[in-house]
Amino acid sequence: MDGKGVAGSPAVGAVNRGSSRTYWSSREALLVLPALGFYFLLYLYPLSRLLVWSLFDPELTAKNYQQLITDAVYFKALRNTLEISVLVTIGCLTLGYPLAYLAVTVRPRIRVVLLTIVLVPFWTSVLVRSFGWLVILGTNGLVNRTLIAIGVISSPLKLLYNLVGVEIGMIHVLLPFMIFPLYSVMVRIDTDLVRVARSLGASPWRAMLHVFMPLSLPGVAAGAAMVFLMAVGFYVTPALLGGPQQLTLATLIDMVVNDLLHWGFGATLGVLLVTVVGTIFLVFSTILGLDRLVATRTR
Amino acid sequence: MDHTGSSRVLLWAFCLSVLLFLLAPILVIIIASFNDSQFLQFPPQSWSLRWYNRFFDSPHWYEPALLSLRIALVTMGISTALGTLAAIGLVRGEFRGKRITELFMISPLFVPVIVVAIGLYFQFAGIQLIGKPVALYLAHALLATPVVIVIIGAALRSSDASLELAARSLGASWIRTARFVTLPIIRPALISAAGFAFLISFDEVVLAIFLGGPNATTLPKRMWESMRFEIDPTLTAISSLLILVAVTVLVAVALLRRAVERARGQRTLQSPPG
């Protein structure tokens, strides 16, 4: 391996398939090693340890996993997590689809404004946003004071530390993750197809329903998958805005590890959570192609 | 695509409410931060900057802020370096299992942070690393590197690999090509990646909660404690400042990228120095 490189000679181990990308090979590949080593030490190893801990106590046992299924509290946490996540996904879809559609159909100037308004909360910290909802939804907060002032209600609504608060907070955080995949798919839909449908006699609604919406489904799937994936693993918002009834897998892990000091069981919950998320991710990335999911994030 | 006027108006009305929903917490916090009252009421009856003063006057708040800044800068450095190298290796290199490796290296974006947090917590507890800033340098870098890989990877994929090929075939060594051809090409992406890595670390809360301690309390961790136990109105001022930081970083990244791209367009072909 000559560091100076003679013109025209392939690098050692290069496969000459005629494309410029494979011209040089194993040398560039080495660049991955530092990051890979970092990942192995700080990511793969600790996570595998979790798996080991969940299975050994100290001998090989399924005890932890049994407890997962039999104990009512833990099962409730799993149910809560799924319920909350499904509701959040539906909410984000309902709010996000029209907005993505609007962004696609307006002039570029307005589109930039719309997308920027979506970007600003996206890059604001989850903590700040959840705190904002704490202020808005509190008993003395904006919503309650307004409703009381105009006479709709006489005593404050309980909008915090319950499902309502958690849903509002999480939908707010995850909405951009729905809008961007939707938008990037919608923007590629050929609007001529809709015009053709109209010219053939379809009403605007029919054209929308039978031409545009089916074509936007990949975006819907990608957005829904991403939102659901993230919702399942969420910690900050349910912990801050939810009540004891909104125990999710993530908040449960926190409780088990920090308050109950059951490290082994905490590890089991962690493994469960990763398995759920990983399965959904694998299913969707094989159906949709990983590039789609990843490409939409680089916006 | 034409719709009847009324359905268009409906669409706009709906979307404007969604946009308002998106901006509401941010606007409310900023307005509430100028509230003179001790109590978190909205809208404010009297206005002042007292909570901003509180932030700058209390070590309780500005020390964690400085720590967060330090950690974010270190994280930015580590993750940009590791991530850029990895991205070049993944996009320009060829090796077996490349696809899997790429999936693996992007996966921290999708694994719930809480699981990474407990994994690292158990790991670091064994080597007495809990409560030391080093733990957060490493943990935040793990979280930010995938983002860097995605951003730089995208830039590399959309750039012309034959430029590097040309440089190599003209006799440039591997390192010279990297420095004078590849790096300038990805410079805008580098700026974005570094900026986002900084923000990710600066705002990060879950790892900070699990891996931090009395001597390693980041600003988000301190804010979290306040939100959970006793809400301090200073939080509104700090949150507004955090929003400002995020907007500043975004604007700075956009401006720097524009400047770099403009400079690149104006530069004539010149041989690298030396």
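Calculation rules
Residues numbered from 1 in each chain as written. Chains lettered and ligands numbered in written order. Predicted model: local features only at pLDDT ≥ 70, side-chain atom pairs only at ≥ 80, totals over all residues. Heavy atoms only, no water. Helix = DSSP H or I, 4+ residues; strand = E, 2+ residues; numbered from the N terminus. Buried < 20%, exposed > 50% of the residue type's maximum accessible area, 1.4 Å probe, protein only. Contact = heavy atoms within 4.5 Å. Areas by Shrake-Rupley, 256 points an atom, 1.4 Å probe, with all protein chains shown as cover. Expected span 1.5 Å × (residues − 1). Buried area = accessible area lost by both parts, 1.4 Å probe. Salt bridge = Lys/Arg side-chain N within 4 Å of Asp/Glu carboxyl O. Polar contact = N/O pair within 3.5 Å; in protein donor to acceptor, adjacent residues only side chain to side chain. Patch = residues over 30% accessible without salt bridge, like charges linked within 9 Å, V, L, I, M, F, W, Y side chains within 5 Å. Bend = angle between axes of the 7 residues up to and from the residue. pLDDT = per-residue confidence, 0-100. Phe/Tyr/Trp six-rings, centres within 6.5 Å; stacked < 30°, edge-to-face > 60°.

A. How the structure looks around the overall build of chain A. If you tally the helices and strands in chain A, you get 14 helices and zero strands. Each helix and strand of chain A, placed in order from N terminus to C terminus, yields the pattern α-α-α-α-α-α-α-α-α-α-α-α-α-α. For chain A, the residues scored as buried account for 49% of the 299 residues in total. The contacts of chain A with a sequence gap of at least 6 include a subset with a gap of at least 24, amounting to 69%. Just so you have it, chain A exposes about 13900 Å², and 68% of that area is on carbon and sulfur atoms.

B. Summary view of helix H5 (residues 113-126) of chain B. Residue and element names in this part refer to chain B. Counted at 1.5 Å a residue, the expected span for H5 with its 14 residues is 20 Å, and the 20 Å between its end C-alpha atoms agrees. With eleven of its 14 residues buried, H5 lies for the most part within the structure. For H5, the full list of buried residues reads Ile114, Val115, Val116, Ala117, Ile118, Gly119, Leu120, Tyr121, Phe122, Gln123 and Phe124. Of the residues trailing H5, glutamine 128 is marked for its positive phi of about 55°.

C. The interface of chain A and chain B, seen in detail. Counting residues at the interface gives 100 residues for chain A and 97 residues for chain B. For the chain A and chain B pair, buried surface summed over both sides reaches about 9200 Å², with 79% attributable to carbon and sulfur atoms. Taken together, the links from chain A to chain B amount to zero salt bridges. Summed over the shared surface of chain A and chain B, the result is eight residue pairs in polar contact (both at pLDDT 80 or more).

D. Layout of a nonpolar patch on the surface. Residues Tyr62, Leu66, Leu69 and Leu73 of chain B make up a contiguous nonpolar surface patch of about 350 Å² in total accessible area. By secondary structure assignment, the location of leucine 73 of chain B is in helix H3 (residues 59-92).

E. Helix H6 (residues 133-158) of chain B, seen in detail. All names here are of chain B. Look at H6: 37 Å from first C-alpha to last across 26 residues, which is about the 38 Å you get at 1.5 Å a residue. Leucine 142 marks where H6 bends most, by close to 30°; the proline proline 146 follows one to four residues later. Where burial is concerned, most of H6 is hidden: 20 out of the 26 residues are buried.

F. View of the confidence of the model for chain B. All names here are of chain B. Residues of chain B with pLDDT of at least 70 account for 93%, and the chain-wide mean is 87. Mean pLDDT across the secondary structure elements of chain B bottoms out at helix H7 (residues 161-169), with 84, and peaks at helix H9 (residues 206-211), with 94. The model gives residues 267-272 a pLDDT under 50, and that stretch makes three contacts with residues more than four places away or in other chains. What the predictor reports for the complex is a pTM of 0.85 with an ipTM of 0.86.

G. Structural detail: the packing of aromatic side chains. One pass over the full model with this rule turns up 22 aromatic pairs over all chains. Between tyrosine 235 of chain A and tryptophan 224 of chain B the ring centres are 5.7 Å apart and the planes differ by 35°, which places this aromatic pair in the tilted class. Of this pair, tyrosine 235 of chain A sits in the loop between helix H10 (204-232) and helix H11 (236-241) while tryptophan 224 of chain B is found in helix H10 (residues 219-228), placing the two residues in two different chains. Assigned by exposure class, tyrosine 235 of chain A and tryptophan 224 of chain B land together as buried. Following the ring pairs from residue to residue traces out a cluster consisting of Trp53 and Trp263 of chain A together with Tyr121, Phe122 and Phe210 of chain B.

H. Focus on the side chain of serine 192 of chain B. With respect to the helices, strands and loops of the structure, serine 192 of chain B is situated in helix H8 (residues 174-203). Assessed through its relative accessible area of 5%, serine 192 of chain B is described here as buried.

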